[in-house]
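Results of the structural survey
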Amino acid sequence: MVTKKWKVDKFVDNLKSYPQIREAASLLKANEVVAFPTETVYGLGGNALSDEAIKKIYEAKGRPSDNPLIVHVSSVKQLDDLCSGLNEQAEELIKAFWPGPLTLILPSTGHVSEKVTAGLSTVAIRMPEDPIAKAVIEASGLPIAAPSANLSGRPSPTTAAHVLRDLDGRVAGVIDGGETGVGVESTVVDCTSKPITILRPGGITKEQLEAVIGEVGEDPALTGQDKAPKSPGMKYRHYAPAAPVYIVHGGMERIKEVLQQANNENKKTGVLTTDENKDGYPEADFVVACGRRSVPESVAHHLYQALREFDDTDVEIIFSESFPNEGIGAAIMNRLTKAAGGREL
Ligand code: TXA
Ligand code: MG
């Protein structure tokens with residue numbers, strides 16, 4: 001199939017009446033799938049009420065069908081049809097963080113396609129903040145299911161070029177709205193548990209959630225306990241460049257040691273570092289700096305772009321610095337650990 005490409009300036013007034021947005025919305029209404037930017041990463045949208053559309057999302061991504069999708073809305077009113085009851089804490093979270101990078105797991109009314117929820121009795125819902133995402137959802141008049149717009153297993157896309165690299169020819173259209181802001185996906189919280197539990201760390205931090213609703217739990221699978229994660233997507237290796245990634249603890253000195261070992265074995269080496277340290281690894285073949293260590297939000301913003309850059313090189317092994325596991329650092333370390341498939345040194 002020929003993938004339509006639209007370039008849209010997200011800062012104009014009344015986006016939803018723009019011809020590109022209207023064309024994308026009509027394709028969604030016709031149960032085609034279209035990629036668009038959100039404030040976290042690009043999403044691959046489809047009509048959440050249609051089995052046909054959802055099947056196309058899974059096929060385009062090569063995604064396992066037991067991994068449910070997040071439904072995106074543009075108004076709180078849409079929840080009436082999608083979820084059967086909000087508790088007080090969920091309401092507080094919505095007031096504080098929507099639109100924004102927070103996904104709530106809520107009891108489902110069963111109105112969305114059962115392929116969206118992969119047979120679960122709950123549904124994941126979020127209201128994105130990006131003006132283009134909002135406009136497309138509003139113009140379509142539908143709840144829009146949207147996983148990240150990458151081939152399953154690859155790093156999530158933060159530019160339209162990343163989306164096209166993975167999905168050109170496999171989807172009906174891609175809206176190019178520039179680089180996304182946050183850079184890592186939304187935080188997923190289970191609002192059906194007491195206390196409310198984080199299933200996937202992301203754009204909204206645990207600290208931010210706790211400031212609004214008090215105690216927040218974490219899925220034990222996140223803290224390294226050997227349990228099946230409650231969020232099915234979290235069990236897969238993800239966000240991974242082609243070469244194996246190792247997270248190295250012990251700072252630059254330790255990375256220089258393991259680089260030396262790899263060089264002795266004649267391996268082409270890559271290092272994932274930060275602006276502050278990027279000149280410190282002359283023995284590596286390829287060095288990528290992802291943001292400033294002193295500004296962890298900038299690391300989140302550049303992380304997937306940085307992971308993808310290794311795929312344009314011939315490196316055979318990648319060593320990554322590690323980051324403090326707090327604030328947005330929890331999301332950074334979660335994604336890096338997935339990219340590394342758990343390999344640490
Ligand atoms: O920022 C984001 O959340 C992006 C943008 C496009 O909105 N979307 C995204 O979707 O990251 P995806 O499909 O890549 O990740 C969805 C995650 C998966 O880990 C999935 O297992 C989990 O949400 N999930 C969806 N429905 C669930 C449910 N009912 N119960 C538990 N986890 C669920
Ligand atoms: Mg994803």
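Residues numbered from 1 in each chain as written. Chains lettered and ligands numbered in written order. Predicted model: local features only at pLDDT ≥ 70, side-chain atom pairs only at ≥ 80, totals over all residues. Heavy atoms only, no water.

1. Structural notes on the pattern of salt bridges
Considering all chains together, one arrives at 20 salt bridges under this definition. Here Lys5 makes a salt bridge to Asp168, at a shortest N to O gap of 3.3 Å. With a gap of 163 residues between them, Lys5 in strand β1 (residues 4–7) and Asp168 in the loop between α7 (160–167) and β8 (173–176) connect regions that are remote in the sequence. Through salt bridges with shared partners, one network takes in Arg154, Asp166, Arg308 and Asp311. (Salt bridge = Lys/Arg side-chain N within 4 Å of Asp/Glu carboxyl O. Helix = DSSP H or I, 4+ residues; strand = E, 2+ residues; numbered from the N terminus.)

2. Here we look at the sheet that holds strand β6 (residues 122–126)
One open sheet accounts for 11 strands, arranged β1-β8-β2-β3-β7-β4-β6-β5-β9-β10-β11; its pairing is mixed. Each end of this open sheet is capped by a strand with a single partner; those strands are β1 and β11 (217–218). Across 2 bridges, the pairing between strand β2 (residues 34–37) and β8 is parallel. Following the sheet pairing, Ala35 is matched in β8 by Val174. Here helix α1 (residues 19–29) sits on the sheet in contact with β1, β2, β3 (42–47), β7 (144–145) and β8, set at roughly 145° to β1. Against the sheet, helix α2 (residues 51–61) touches β3 and β7, its axis set at about 145° to β3. (Pairing = 2+ DSSP bridges. Contact = heavy atoms within 4.5 Å. Axes fitted to C-alpha atoms, helices over the stretch in contact; angles between N-to-C directions.)

3. With respect to the sheet that holds strand β13 (residues 269–273)
In a beta sheet, neighbouring strands pair by backbone hydrogen bonds and run either parallel or antiparallel. Reading across from one edge, β12-β15-β13-β14 is the order of the 4 strands in this open sheet, with parallel pairing throughout. The two strands at the open ends of the sheet, each matched to only one other strand, are β12 (245–247) and β14 (286–289). On average, each strand axis in the sheet is tilted by 20° relative to the strand beside it, whichever way the strands run. In the packing of helix α9 (residues 251–264) onto the sheet, the strands contacted are β13 and β15 (317–320), and the crossing angle to β15 comes to about 170°.

4. Some details on helix α10 (residues 296–309)
Between its first and last C-alpha, α10 extends 19 Å over 14 residues, near the 20 Å set by a 1.5 Å rise per residue. Contacts made by the buried residues of α10 are with α7, β13, β14 and α11 (329–339). (Expected span 1.5 Å × (residues − 1).)

5. Some thoughts on the pairing of β8
Two faces, one strand: in a regular strand the side chains alternate between the faces of the sheet. Relative to β8, β1 runs parallel, the two sharing 4 bridges. By the bridge assignment, Lys4 is partnered in β8 with Gly173.

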